[in-house]
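Descriptive analysis of the structure
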Amino acid sequence: GAVVSQHPSWVICKSGTSVKIECRSLDFQATTMFWYRQFPKQSLMLMATSNEGSKATYEQGVEKDKFLINHASLTLSTLTVTSAHPEDSSFYICSARRQISNQPQHFGDGTRLSIL
Amino acid sequence: GQNIDQPTEMTATEGAIVQINCTYQTSGFNGLFWYQQHAGEAPTFLSYNVLDGLEEKGRFSSFLSRSKGYSYLLLKELQMKDSASYLCAPSGSARQLTFGSGTQLTVLP
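Basis of the calculations
- Residues numbered from 1 in each chain as written.
- Chains lettered and ligands numbered in written order.
- Predicted model: local features only at pLDDT ≥ 70, side-chain atom pairs only at ≥ 80, totals over all residues.
- Heavy atoms only, no water.
- Core = buried A, V, L, I, M, F, W, Y, C linked by side-chain atoms within 4.5 Å.
- Buried < 20%, exposed > 50% of the residue type's maximum accessible area, 1.4 Å probe, protein only.
- Helix = DSSP H or I, 4+ residues; strand = E, 2+ residues; numbered from the N terminus.
- Salt bridge = Lys/Arg side-chain N within 4 Å of Asp/Glu carboxyl O.

Remarks on the nonpolar core
Membership of the largest hydrophobic core comes to 25 residues, with the highest contact counts inside it found for V4, W35, F67, L79, Y92 and L113 of chain A. Sorting the residues of this core by element identifies strand 2 (10–13), strand 3 (19–25), strand 4 (32–38), strand 5 (45–51), strand 7 (67–73), strand 8 (76–81), strand 9 (90–97) and strand 11 (111–115) of chain A as the ones contributing at least two each. Counting 19 residues, the second-largest nonpolar core is a separate cluster that includes I4, Y24, L75 and L78 of chain B.

Some words on the pattern of salt bridges
All names here are of chain B. Taken as a whole and judged by the stated rule, the model has 5 salt bridges over all chains. Across the salt bridge formed by D52 and R66, the nearest N and O atoms sit 3.1 Å from each other. Taken together, the residues span a long stretch of sequence, with D52 in the loop between strand 5 (44–49) and strand 6 (53–57) and R66 in the loop between strand 7 (60–65) and strand 8 (70–75) at a distance of 14 residues. For the salt bridge of R59 with D82, the shortest nitrogen-to-oxygen distance reads 2.8 Å. With R59 in the loop between strand 6 and strand 7 and D82 in the loop between strand 8 and strand 9 (84–90), this pair connects stretches of sequence that are 23 residues apart. The residues R59 and D82 share a single accessibility class, namely buried.

Section: unusual backbone geometry
Looking along the chain, the bond that leaves H7 of chain A and enters P8 of chain A is cis, with omega of 0°. By the secondary structure assignment, P8 of chain A is in the loop between strand 1 (4–7) and strand 2. The phi torsion at E77 of chain B lies on the positive side, around 45°, for a residue other than glycine. Structurally, E77 of chain B is set in the loop between strand 8 and strand 9.

Don't take any of this as a statement about function, it's just geometry.
Here's what the structure looks like:
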């Protein structure tokens, strides 16, 4: 069964809206979660590393004021796309990994965001 | 940084064997993962190699040579449902994954 839950699966909203995406690890604690973005026919691009109890680490070129990440508990990280615009339309995917060495990252089902 | 190279597309016939190669350059190395991604879906974990050699898992096997920065994924007894994108992802020093552009495999009847 799924070990990482991501919600919502689909979001369609107007330009200027802020959208929050949740990522939960279901049966393990994840001090670190990862947020990716994928445009059609392109690879997954790491946006940021979400760290429980501290600030997220953003990849170069990702605006931290636009993509707000909150990792308030050991099982929940949220990504908020603030004032979304059509160019933010994409497939957003989170992942989490058990802290035991050599464990793979497990991905949520992704959120398809469409900004009109 | 990390640089990952894998073929963009491959085609094979149902029942055949296909090998998807991946070369990488990475600063810090904590193993290499292979994921499968069907269109419109999130990636699913296939295999992990941290030591040199071959790891076999049913119809799928993965090989790693750390000194050469090279890995391959071997798929046997191909089925139509194996048509997907296969992503090579080395794990960096902070255990983050960097994905290649993926190899789109098409399995023909």
